[in-house]
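Spelled out, the chains give:
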Amino acid sequence: MNRFEYTNGHCMPNEKTLRRDNNIRLYDGEVRTNFEGGELTITTHRLIYRTSNVCFSLSLSLIIYFEEEYPGPLFFTRSPKIKLHLTEPPRDKQPGPLDNSLHSYVKLSFKNGLSPAFVENLSEVIHNRLWEIIPLSIGVSPSSVQGSNSNMLRNPPPIKPRTGIIGIERNLKEQQRATDESINVAFQDLRKLMGMAKDMVNISRTISAKIRERQGDITEDETVRFKSYLMSLGIDDPVTRDAYKSSNEYYKQLGRQLAEILEEPIKEVGGMMALTDVYCRVNRARGLELLSPEDLLHACKQLSDLNLSIMLRTFDSGVMVIQSVSHNDVEVADAVSQLIKDRGSITATELAQSEGISVVLACERLFMTEKYGKACRDDSIEALRFYPNLFLEEE
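Residues numbered from 1 in each chain as written. Predicted model: local features only at pLDDT ≥ 70, side-chain atom pairs only at ≥ 80, totals over all residues. Heavy atoms only, no water.

1. Quick notes on the overall build of the protein
Move 1: Within the protein one finds 11 helices and 15 strands.
Move 2: Scored against the burial criterion, the 395 residues of the protein give a buried share of 37%.
Move 3: Partitioning the contacts of the protein with sequence separation of at least 6, the portion at a separation of at least 24 is 60%.
Move 4: Looking at the protein as shown, the accessible area adds up to about 24100 Å², and 52% of this sits on carbon and sulfur atoms. (Helix = DSSP H or I, 4+ residues; strand = E, 2+ residues; numbered from the N terminus. Buried < 20%, exposed > 50% of the residue type's maximum accessible area, 1.4 Å probe, protein only. Contact = heavy atoms within 4.5 Å. Areas by Shrake-Rupley, 256 points an atom, 1.4 Å probe, with all protein chains shown as cover.)

Structure representation (structure tokens):
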């Protein structure tokens, strides 16, 4: 409070009033003063506080920054406040309501509620530092002011008020707005990409037709290589839901397409592929027409009824895989048993690395080999390791 000076309440030359608020109490630091119910005026140069008995002002140049304080949910009777952090009072300071104070800040308590417009006005006038740009003395010529403050007009000091919870919420809303704009731009780019993808599909159809027409001019190896490039790019005609009237027909057609896409890759990995790996591979091949996990599962359940080259299988552990119809568990068990004999013992991780399959499928193969009596397990702290079943071996 020792930064305030008595005044007559009138604006000085070149000083302009920005807004007025009523029913405001003053605090010296955290100490409540007797100045309550007063009127607070923001000008281009000062904060003027007026009651029926007294009037005094605070120069805006003494405010370092301000922050908002709002009562918590348990304090319904408290009022929102503005906390003004102040510099030391100048040596030529005029007398005021309190000449000695231990606090470097004051508080303004708003009994009628704190208006966002008040915060905006106060923040703007402090940021623009109008008291440095607009002189209060009539004797100073505008040209001299313009020359001495031209740099200030072009680049005012970037003073930003510190705010409380409400200020943080404003910043979050501003960040959310910027994020929404970025997402809108991204979706515009995505639409352009989808349009280009359709053009690529048309181009691929045209080239494929020319390849079929000119089999004599293009070797078989070149044809196979070109088709593999198209498949790696995912450029094909994916089955979509909107092309079929019923979900059942959609799942059947999707199942047939899955068989076309997965038949060769499943053979390459030993006749079996985990459903999670199938989901990733199929969506990569479909490009922008992504499948949901539910649609993929429903389509896989149709594979057996359609008599295709692959089928859905669920192990006792609950692991779901897509395997070739020609897959033979006995042959797989024999191969794993022979590998165990050659190495002496093996874990699921070692089998996965050896066969180029996932650890989950490696575990299922070892369990299946054990089920056929061709391996024994040793479950220790180190790992779950499988050994040859010597009980079935002749001496």
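2. Considerations on the packing of aromatic side chains
Move 1: Per the stated rule, a full pass over the model turns up 6 aromatic pairs.
Move 2: Ring-pair connections join several aromatic residues into one group, and the members of that group are Phe 4, Phe 35, Tyr 49 and Phe 56.
Move 3: A cation over an aromatic ring shows up here: Lys 83 above the ring of Tyr 105, its NZ or CZ 4.2 Å from the ring centre. (Phe/Tyr/Trp six-rings, centres within 6.5 Å; stacked < 30°, edge-to-face > 60°. Lys NZ or Arg CZ within 6 Å of the ring centre and 35° of its normal.)

3. Digging into the pattern of salt bridges
Move 1: Counted by the stated rule, this structure contains 14 salt bridges.
Move 2: One salt bridge connects Lys 93 with Asp 99, and the closest N-O pair in it is separated by 3.6 Å.
Move 3: A relative accessible area of 18% places Lys 93 in the buried class.
Move 4: Between Lys 374 and Asp 334 there is a salt bridge, with the nearest N and O atoms lying 1.8 Å from each other. Placement of Lys 374 in the loop between helix H11 (359–371) and strand S14 (376–379) and of Asp 334 in helix H9 (residues 329–343) is noted, with a sequence separation of 40 residues between them.
Move 5: What makes Lys 374 partly exposed here is its relative accessible area of 25%.
Move 6: Residue Asp 334 is classed as partly exposed on the basis of its relative accessible area of 35%.
Move 7: Taken together, the salt bridges that share partners define one network made up of Arg 20, Glu 39 and Arg 50. (Salt bridge = Lys/Arg side-chain N within 4 Å of Asp/Glu carboxyl O.)

4. Thoughts on the sheet that holds strand S13 (residues 346–347)
Move 1: Spatial ordering of the open sheet is given by S13-S15-S14, a layout of 3 strands whose pairing is antiparallel. Here the strands that pair on one side only, and so sit at the sheet edges, are S13 and S14.
Move 2: Where S13 and strand S15 (residues 384–387) come together, 2 bridges link them in antiparallel fashion. Its bridge partner lying in S15, Ile 346 is registered against Phe 386.
Move 3: Across the sheet, H11 touches S13, S14 and S15, and the angle it forms with S15 is around 45°. (Pairing = 2+ DSSP bridges. Axes fitted to C-alpha atoms, helices over the stretch in contact; angles between N-to-C directions.)

5. Examining the nonpolar core
Move 1: One finds Leu 47, Ile 82, Leu 84, Leu 108, Phe 118 and Leu 122 to be the most contacted residues of the largest nonpolar core, which totals 27 residues.
Move 2: Ranked by residues supplied to this core, first place goes to helix H1 (residues 116–128) with 5 residues.
Move 3: The contacts of Leu 108, once residues within four sequence positions are left out, are Ile 24, Arg 25, Leu 26, Leu 40, Pro 80, Lys 81, Ile 82, Leu 84 and Phe 118. (Core = buried A, V, L, I, M, F, W, Y, C linked by side-chain atoms within 4.5 Å.)

6. Looking at the sheet that holds strand S11 (residues 310–314)
Move 1: What the 3 strands build is an open sheet, ordered S10-S12-S11; its pairing is antiparallel. Of all strands in the sheet, those bounded by a partner on one side alone are strand S10 (272–274) and S11. Direction aside, the axes of adjacent strands within the sheet are offset by 30° on average.
Move 2: Packed onto the sheet, helix H7 (residues 275–286) meets S10, S11 and strand S12 (320–324) and runs at close to 85° relative to S10.

7. Section: the pairing of strand S5 (residues 46–50)
Move 1: In terms of burial, S5 is a largely internal element, 4 of the 5 residues being buried.
Move 2: When strand S4 (residues 38–43) meets S5, the two strands line up antiparallel, connected through 4 bridges. Opposite Glu 39, over in S5, you have Arg 50 as the bridge partner.
Move 3: Between S4 and S5, which pair antiparallel one after the other, the connecting turn spans 2 residues.
Move 4: Relative to strand S6 (residues 55–59), S5 is paired through 5 bridges, and the arrangement is antiparallel. Bridge pairing in S6 links Tyr 49 to Phe 56.
Move 5: Where S5 hands over to S6, the hairpin turn is made up of 4 residues, counted between the paired strands.

8. Here we look at the environment of Leu 390
Move 1: With respect to the helices and strands, Leu 390 occurs in the segment after S15.
Move 2: Counting along the chain gives 14 residues from Leu 390 to Cys 376, while the straight-line C-alpha distance between them is 8.6 Å.

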